[in-house]
Amino acid sequence: MTTYVVLFRGINVGGRNKVPMADLREHLGADFANVRTYIQSGNVVLESDRSAEQVAAHIDKGLPAAFALDSDLVRVLVLDADAYREVVAQAPKGFGDEPDRYRYDVLFYMGVSGAEVEPHVVLNPDVDEALIGERAVYHRRVTALATRSRLNKIIGSPVYPSLTIRNWNTTVRLAAMLDE
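Residues numbered from 1 in each chain as written. Predicted model: local features only at pLDDT ≥ 70, side-chain atom pairs only at ≥ 80, totals over all residues. Heavy atoms only, no water.

Draft legend 1. Structural view of helix α5 (residues 168-177). Here α5 has its buried residues at Trp168, Thr170, Thr171, Leu174, Ala175 and Met177. Among the structural elements, β1 (2-9), β2 (33-38), β3 (43-48), α3 (81-89), β5 (102-109) and β8 (163-167) are those in contact with the buried residues of α5. Taking the backbone nitrogen of Asn169 as reference, a side-chain oxygen 3.0 Å away marks Asn167 as the first, capping residue of α5. (Buried < 20%, exposed > 50% of the residue type's maximum accessible area, 1.4 Å probe, protein only. Helix = DSSP H or I, 4+ residues; strand = E, 2+ residues; numbered from the N terminus. Contact = heavy atoms within 4.5 Å. Polar contact = N/O pair within 3.5 Å; in protein donor to acceptor, adjacent residues only side chain to side chain.)

Draft legend 2. Structural view of the nonpolar core. Grouped together as the largest cluster of nonpolar side chains are 24 residues, with contacts concentrated most on Tyr84, Val106 and Phe108. Looking at this core, the elements with two or more residues in it are β1, β4 (75-80), α3, β5, β7 (136-142) and α5. If you look at the next biggest cluster of nonpolar residues, it comprises 21 residues, including Phe8, Phe32, Val35 and Val78. (Core = buried A, V, L, I, M, F, W, Y, C linked by side-chain atoms within 4.5 Å.)

Draft legend 3. Focus on helix α1 (residues 21-29). Taken together, the buried positions of α1 are occupied by Met21, Leu24 and Leu28. Taken end-on, α1 shows its buried residues confined to a sector of 55°, consistent with a single buried face. At its buried positions, α1 is contacted by β1, β2, β3 and α2 (52-66). (Arc of directions from axis to C-beta.)

Draft legend 4. Geometry of the environment of Leu174. For Leu174, the position within the fold is in helix α5. Among the residues examined, Leu174 registers a relative accessible area of 0% and is labelled buried. Residues Leu174 and Ala52, 122 residues apart in the sequence, show an inter-C-alpha distance of 17 Å.

Draft legend 5. Local environment of the packing of aromatic side chains. Under the defined criterion, the tally for this structure stands at 5 aromatic pairs. Seen in terms of ring centroids, Tyr84 and Phe108 are 5.9 Å apart; in terms of plane orientation they differ by 15°. Their pairing is stacked. In this pair, Tyr84 is assigned in helix α3 and Phe108 in strand β5, connecting sequence segments 24 residues apart. Residue Tyr84 shares its accessibility class with Phe108, and that shared class is buried. Ring geometry for Phe95 versus Trp168: centroids 4.9 Å apart, planes at 85°, classification edge-to-face. A residue pair is termed long-range when its members are at least 10 positions apart, and Phe95 in the loop between α3 and β5 and Trp168 in helix α5 qualify at 73 residues. A single burial state applies to Phe95 and to Trp168, both of which are buried. Members of the aromatic cluster, connected to one another through ring pairs, are Phe95, Tyr102, Tyr104, Tyr138 and Trp168. Sitting above the plane of the Tyr160 ring, Arg9 keeps its charged end 4.7 Å from the centroid. The residue whose ring lies beneath Arg140 is Tyr102, and the NZ or CZ to ring-centre distance is 3.7 Å. (Phe/Tyr/Trp six-rings, centres within 6.5 Å; stacked < 30°, edge-to-face > 60°. Lys NZ or Arg CZ within 6 Å of the ring centre and 35° of its normal.)

Note that all results are geometric; they support no functional claim without further evidence.
Shown next, in the form of C-alpha cells:
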C-alpha cells in the first residue's frame, strides 16, 4: 500500500461545492484505506495499492456522483508521500519561520509546470516574494501589507484552474499526517 496526500481544488470554498469531510471520508473509505481528512478545505491522506494517477481518476469520476457539486472546477491532485515530502523540503530556507510577520502559501501545480505558472505570478516588491519550485510556488507576503499583495492577480490567469493553494501550516500538517 502506498500513502498519498489528496488535495481537492474547489470544494467548500465560498459556500460552493459543499462536501462535508465526514461524508468524504465515508465515500473514500469504500475504495481506499486509512482515510483521514484535515480541516474543511479538502485535504486527505489515504492509502491505496493503485497508482497516483489511478487514485486521481477514480476520485474524479466518483465525486460528482456522490456529492451535489456546483461546478466542474473540482479537481484533485494526488501525490505519494515521497513527492509530497519533496514539496515541503524544497521550500525556501526559513519559509514559514516568521508567522507573525508573513503569510505563507504553497500553490501546488495540477498538470502545469513552473515554467507555465511563472509568467502569471505577479509580485509587489514591497510585499510579496515567491519561489517557483518543481511542484509548487512558494509565496510569502508581509501580513501588515497583505491587502497590497498581488497574489490574487493569478486568479484571472489561464493557469489558475491548474493550481490548488494551501497555507504553509496546512502543508506541513499534512506532511506530519503521513507519519501518523
